[in-house]
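Topology and contacts: notes
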Amino acid sequence: MTTFLVTGGTGTLGHPVCERLRAAGHEVRVLSRHAPPYAVDLRKGGPLLDRAVRGVDTIVHCTNILRGDDQAVRNLLDAARRAEVRHLVYISIVGVDRVPLPYYKAKYAAERLIEQSGIDWTILRTTQYHDLILRLLAGLAKPPVMLIPKDVPDQPMEVTEAAERLAELAMGEPAGRAEDMGGPEVRTFAELAAAYLAATGTERRVVEVPLAGKVYQGLRDGGHLAPEQAVGRVTFEEFLKSRFGAEADSKPTGS
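Cut-offs applied
- Residues numbered from 1 in each chain as written.
- Predicted model: local features only at pLDDT ≥ 70, side-chain atom pairs only at ≥ 80, totals over all residues.
- Heavy atoms only, no water.
- Helix = DSSP H or I, 4+ residues; strand = E, 2+ residues; numbered from the N terminus.
- Rg over C-alpha atoms; globule rule 2.2 N^0.38 Å.
- Contact = heavy atoms within 4.5 Å.
- Areas by Shrake-Rupley, 256 points an atom, 1.4 Å probe, with all protein chains shown as cover.
- Lys, Arg positive; Asp, Glu negative; His and termini not counted.
- Charge placed at Lys NZ, Arg CZ, Asp CG, Glu CD.
- Buried < 20%, exposed > 50% of the residue type's maximum accessible area, 1.4 Å probe, protein only.
- 1 Å grid on protein atoms, 1.4 Å probe; cavity = no way out; pocket = protein on both sides within 12 Å on 5 of 7 lines; lining within 4 Å.
- Points joined across faces, edges and corners; volume = space filled by probe spheres on them.
- Nonpolar A, V, L, I, M, F, W, Y, C, P; charged D, E, K, R; others polar.

1. Thoughts on the overall build of the chain
In terms of regular secondary structure, the chain is built from nine helices and ten strands. Computed over its C-alpha atoms, the radius of gyration of the chain comes to 19 Å, within 12% of the 18 Å expected for a compact globule of 255 residues. By its C-alpha atoms, the chain is 55 × 40 × 35 Å across when sized along the principal axes. Pairs at least 24 residues apart make up 79% of the contacts formed inside the chain by residues separated by at least 6 positions. Roughly 11,900 Å² of accessible area belongs to the chain as shown, and the carbon and sulfur atoms make up 51% of that amount. Of the side chains in the chain, 32 bear a positive and 33 a negative charge, and the two mean positions are spaced by 7 Å.

The following block contains the structure:
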């Protein structure tokens, strides 16, 4: 039996990772800002972080920190070195080195810190999860007219499939950069929006809006996609059906 520490272990990705590690017979500690006994803000660190990593063989870093991620990773790595942790597994995003989103830049910087840490590591990059696309579309659908970025594709995947792969990597030997993992289909945002509206029974006029800037260009160019690694099995429509109990129509509702 191996002892794992899963940061963000109560989150969308971390929770199913914990389930899979426990199902395999391992001891799992959960580190989260609001979940005792290891309620730790990684951006601050402290003695409780040292206690959380003590005796741990492998850390699976799933915490999603929008601001201060670099300091959080430094604190985690410092504690891991003090505790002589053998293996650190990190979840990242396809395109962090190609699309200049600030969040992507932070994730890419975290990758570099891990690679230079002296701890054996595994990094898995995946495309966006269905849950994220759902939250984004739900927000865009609030006004009477649904404005979406023009000519932007996406390749969403089921988070539990990412969790399964991440747990598998965590239970194995350090692998360095693992092969990227993408959803089963590359879709346009117009198609994803139409599927969401159909599944939720929402009527909106969908208008595609051209944007400007390097981030938009990077997304239009598909820098965040992994079409050669389309290993996911659950489509966006299947995900929506599981959430809303309705079939989604992939045709755009307007232009």
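2. Overview of unusual backbone geometry
Cis geometry marks the peptide bond from Pro36 to Pro37, where omega comes out at 10°. For Glu84, which is not a glycine, the phi torsion comes out positive at approximately 55°. Inspection of the secondary structure assignment puts Glu84 in the loop between α3 (69-82) and β4 (87-93). We classify Glu84 as exposed; its relative accessible area is 70%. One non-glycine residue, Asp151, adopts positive backbone phi at about 65°. Tracing the sequence through the fold places Asp151 in the loop between β6 (145-149) and β7 (153-154).

3. A closer look at empty space enclosed by the protein
Taken as a whole and judged by the stated rule, the model has one cavity of 30 Å³ or more. Looking at the largest cavity, its volume works out to about 30 Å³. If you go around the largest cavity, the residues you meet are His130, Pro156, Pro184, Glu185, Arg187, Thr235 and Phe236. Its residues placed into classes, the lining of the largest cavity shows three nonpolar, two polar and two charged.

4. Remarks on the layout of surface pockets
What the largest pocket holds in volume is close to 1,200 Å³. Around the largest pocket sit 44 residues that line it, and Asn64, Leu66, Tyr103, Leu132 and Arg135 are the ones nearest its centre. For the lining of the largest pocket, the secondary-structure elements that each account for two or more residues are β4, α4 (102-115), α5 (130-140) and α8 (214-220). It is α5 that contributes the most residues to the lining of the largest pocket, six residues altogether. Taken together, the residues of the lining of the largest pocket break down into 22 nonpolar, 14 polar and eight charged.

By themselves these figures say nothing about function.
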